[in-house]
Amino acid sequence: MRSREMGAPARMRAVVAASSGVLALLVPLLLSAQLLASAAPAGSSRASSAAPADVTFSRDIAPILQENCQVCHRPNGVAPMALVTYDQVRPWAPLIQHRTGLKDRAGVMPPYYLERGIGIQQMQNDERLTVEEIEMIATWVEAGAPEGDLADLPAPIEWDDSGAWRLGEPDLIVNTQEFFVEAGAPDWWGDMESVDIPMEGDRYVRAVAIREVNTVVGDAANETSVGGRWIVHHMIWTTVGGDSSSGLTAWPVHELGRNPDIFAPEAGRLLRAGSRVTSNSVHLHSSGRDTRAHLEIGFYFHPPDYQPEYRSLGFELGDGVNIDIRGGEENLQELHAYQVLENHTKIVSFEPHLHGPGYRMCLEAIWGMQIETLNCSGYDHNWVKQYVYDDENAPLLPAGTVLHLVGYMDMSEDSPNVPDPRNWQGSGNRSITNMFIDLGSRVALTDEQFVEEMARRREVHQVSVNDHIVGCPLCMANLPPFPAEEPAADGPTNNDNGQP
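Computed from a predicted structure; not experimentally measured.

Draft legend 1. Quick peek at the state of the cysteines. Counting across every chain of the model gives two disulfides. Each disulfide pairs two cysteine sulfurs, and for Cys362 the partner residue is Cys376, the sulfurs being separated by 2.0 Å. Since a negative S-S torsion denotes a left-handed disulfide, the Cys362-Cys376 link at about 115° is right-handed. Of this pair, Cys362 sits in strand β19 (residues 358-367) while Cys376 sits in strand β20 (residues 370-378), and the two are 14 residues apart along the sequence. Comparing Cys362 with Cys376 shows no difference in burial state: the two are buried. Should the bonded cysteines of the protein chain be numbered as they appear in the sequence, the pairing reads 1-2, 3-4. Left without a disulfide partner, Cys69 is nearest to the cysteine sulfur of Cys72, which lies 8.9 Å away. For Cys72, a relative accessible area of 27% gives the class partly exposed.

Written out as structure tokens, the structure is:
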């Protein structure tokens, strides 16, 4: 058993090693036959008690696939196989059971790694299957994957095959220069040509999404896909210029497979008229064939009269220098980083960023004697995700809170994204070296804003001083406008909580 490994026995991890990663999506073609041969017979005793015994494709499984899988797994979709009809799905049934059963580890489908049962679970655009859906799929497969009555099938979805944006059509789209990477070429890392932003007036941005449009699918020179397999691993970018004397706005780092960035409603980011998109850190890697690609940056605007209430903070938590990962170790290796918050802070999102050996990341908040895990998530270097908190559940942390970041690195022979796990690894920007950062976004709050946010949080959750809200250590403290209570005659007051 690996040290501090939670629910990940060695047997399961061996399967992960064989099947995780975007490029490994083709591996199911090989695994499928093996898994089909080893699938449990109908009536297996492992069938879940939470799912009905007569689960069928038509009535129970097709709706799950429609809602969670077919956005990619459909004809003309970016995934390697369609999962629409029974005939399309049946050969993959055991593999679907396996992938969905990975839950929060690399290789899970849909690719979303936030761990259940630890920390805050209320996220925007949560892509996880429910526990009941996972159990439903397992029960169906182990019962022989019956088709059921065709009359139970849901109406098919008419998908938009134009490569639609996940947040809808942006208000403004800016294209980067075209990149070209030869098949088998080494990684490239450097500057990008600046791109003018065609705007007549300044606007505040509520969300930004980036997608890669490339020629990686198929051999035809004019055949394109959106996000099927990427050559742009990441791009650190800003917008500069405009009328302001400073004229610089930093934006979230683009990473392959990244979901859209939704900023705090009170902290829109300024996009200045006359500015340009610039980057001095574009990391390209080969897709295995000659590939041309460019990025489309989609901006979603607030109304023209919008003004932000809160100040955005940059990401500052991590350690990019003191990384020391020993080769060939069977146990997971831990990295730690700490930061004392100088401002009252609302954490908008949690975004683990590791490299090849990355396996898991956790974020803790330490306030006085209270140590609380805000979140843990698995990690897949081929499919980077961020987790945007629901606004009414985002961590509200007072100045002085210590954030503790823990990274878990896998350098065992089973590690799926490490070329040679026998070698020591240190810090660096390339995928064969390492980073250890939480790239999530935050906003700073004044004293008044912090108290107002906590009061609103108590009202929304309908809590009293005897309750606790995860990620809000002072929500129950007797601070205005929370009504004061009479102290107990011989007991502690609700302020006597041992906090500094």
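Draft legend 2. Seen up close, the sheet that holds strand β18 (residues 352-353). Sheet architecture is open: three strands sit in the order β14-β24-β18, paired in antiparallel fashion. Across the chains shown, the open sheet's two edge strands, defined by having one partner strand only, are β14 (317-318) and β18. Taken together, the two bridges between β18 and strand β24 (residues 437-438) define a ladder with antiparallel strand orientation. Within β24, the residue paired with Pro352 across the bridge is Asp438.

Draft legend 3. Spatial organisation of the sheet that holds β19. The strand order β15-β23-β19-β20 describes an open sheet built from four strands, whose pairing is antiparallel. On the outer flanks of this sheet lie β15 (333-340) and β20, each paired with one strand and no other. On average, each strand axis in the sheet is tilted by 20° relative to the strand beside it, whichever way the strands run. With eight bridges connecting them, β15 and strand β23 (residues 402-409) associate as antiparallel partners. Residue pairing across strands places Ala337 opposite Leu405, the latter belonging to β23.

Draft legend 4. Representation of the environment of Ala82. Along the chain, Ala82 turns up in the loop between α3 (57-68) and α4 (86-89). We classify Ala82 as buried; its relative accessible area is 18%. Taking the C-alpha atoms as reference points, Ala82 and Cys72, separated by ten residues in sequence, lie 8.0 Å from one another. The residues touching Ala82, leaving out its near neighbours within four places in the chain, are His73, Arg74, Pro75 and Gln88.

Draft legend 5. Up close: the nonpolar core. Ranked by internal contacts, the top residues of the largest apolar core, which has 36 residues, are Leu363, Leu374, Tyr389, Leu403, Leu405 and Phe436. Those elements that provide at least two residues to this core are β15, β19 and β23. Not counting residues within four places of it along the chain, the set of residues in contact with Tyr389 comprises Ile120, Gln122, Met123, Gln124, Ile347, Val348, Ser349, Phe350, Leu374, Asn375, Ala394 and Pro395. In this structure, Leu271, Ala273, Val282 and Phe299 belong to the second largest nonpolar core, which totals 27 residues.

Draft legend 6. Representation of the side chain of Glu453. For Glu453, the position within the fold is in helix α7 (residues 447-461). Relative accessible area serves as the criterion here: at 2%, Glu453 is assigned to the buried category. Only 3.1 Å separates the side chain of Glu453 from the side chain of Arg456, close enough to count as a polar contact. Excluding anything up to four places from it in sequence, Glu453 contacts Glu266, Tyr310, Lys346, Leu396 and Leu445.

Draft legend 7. Looking closely at the packing of helix α5 (residues 93-101) against helix α6 (residues 131-142). The geometry of α5 relative to α6 is characterised by a closest axis approach of 9 Å and an angle of 150° between their N-to-C directions. Judged by the angle between their axes, α5 and α6 are roughly antiparallel. With respect to the hand of their crossing, α5 and α6 are arranged in left-handed fashion. Judged by residue contacts, Ala93, Pro94, Ile96, Gln97, Thr100 and Gly101 of α5 engage Ile134, Ile137, Ala138, Trp140, Val141 and Glu142 from α6.

Draft legend 8. Layout of the packing of aromatic side chains. By the definition in use, this model includes nine aromatic pairs. A ring pair is formed by Tyr112 and Tyr387, whose centres lie 4.9 Å apart and whose planes are at 90°; its orientation type is edge-to-face. Of this pair, Tyr112 sits in the loop between α5 and α6 while Tyr387 sits in strand β21 (residues 387-388), and the two are 275 residues apart along the sequence. Assessed through its relative accessible area of 1%, Tyr112 is described here as buried. Looking at Tyr387, the relative accessible area reads 1%, which means it is buried. With a centroid separation of 6.4 Å and an interplanar angle of 35°, the aromatic rings of Phe350 and Tyr387 are classed as tilted. In this pair, Phe350 sits in strand β17 (residues 349-350) while Tyr387 sits in strand β21, placing the two residues 37 residues apart along the sequence. For Phe350, a relative accessible area of 0% puts it in the buried group. Put simply, the rings of Trp237, Trp251, Phe263 and Phe299 touch in pairs and so form one group of aromatic residues.

Draft legend 9. Quick peek at the packing of α3 against α6. Look at α3 against α6: their axes get within 11 Å of each other, and the N-to-C directions meet at 135°. As far as their axial angle goes, α6 and α3 are oblique. For the pair α3 and α6, the sense of crossing is left-handed. Contacts from Phe57, Asp60, Ile61, Ile64, Glu67 and Asn68 of α3 reach α6 at Glu133, Met136, Ile137 and Trp140. The residue makeup of the contact of α3 with α6, split by class, is six nonpolar, one polar and three charged.

Rules used in this analysis
- Residues numbered from 1 in each chain as written.
- Predicted model: local features only at pLDDT ≥ 70, side-chain atom pairs only at ≥ 80, totals over all residues.
- Heavy atoms only, no water.
- Disulfide = S-S within 2.5 Å.
- Helix = DSSP H or I, 4+ residues; strand = E, 2+ residues; numbered from the N terminus.
- Buried < 20%, exposed > 50% of the residue type's maximum accessible area, 1.4 Å probe, protein only.
- Pairing = 2+ DSSP bridges.
- Axes fitted to C-alpha atoms, helices over the stretch in contact; angles between N-to-C directions.
- Contact = heavy atoms within 4.5 Å.
- Core = buried A, V, L, I, M, F, W, Y, C linked by side-chain atoms within 4.5 Å.
- Polar contact = N/O pair within 3.5 Å; in protein donor to acceptor, adjacent residues only side chain to side chain.
- Parallel < 35°, antiparallel > 145°, perpendicular 65-115°, else oblique.
- Left-handed = near helix turned anticlockwise from the far one by under 90°.
- Phe/Tyr/Trp six-rings, centres within 6.5 Å; stacked < 30°, edge-to-face > 60°.
- Nonpolar A, V, L, I, M, F, W, Y, C, P; charged D, E, K, R; others polar.

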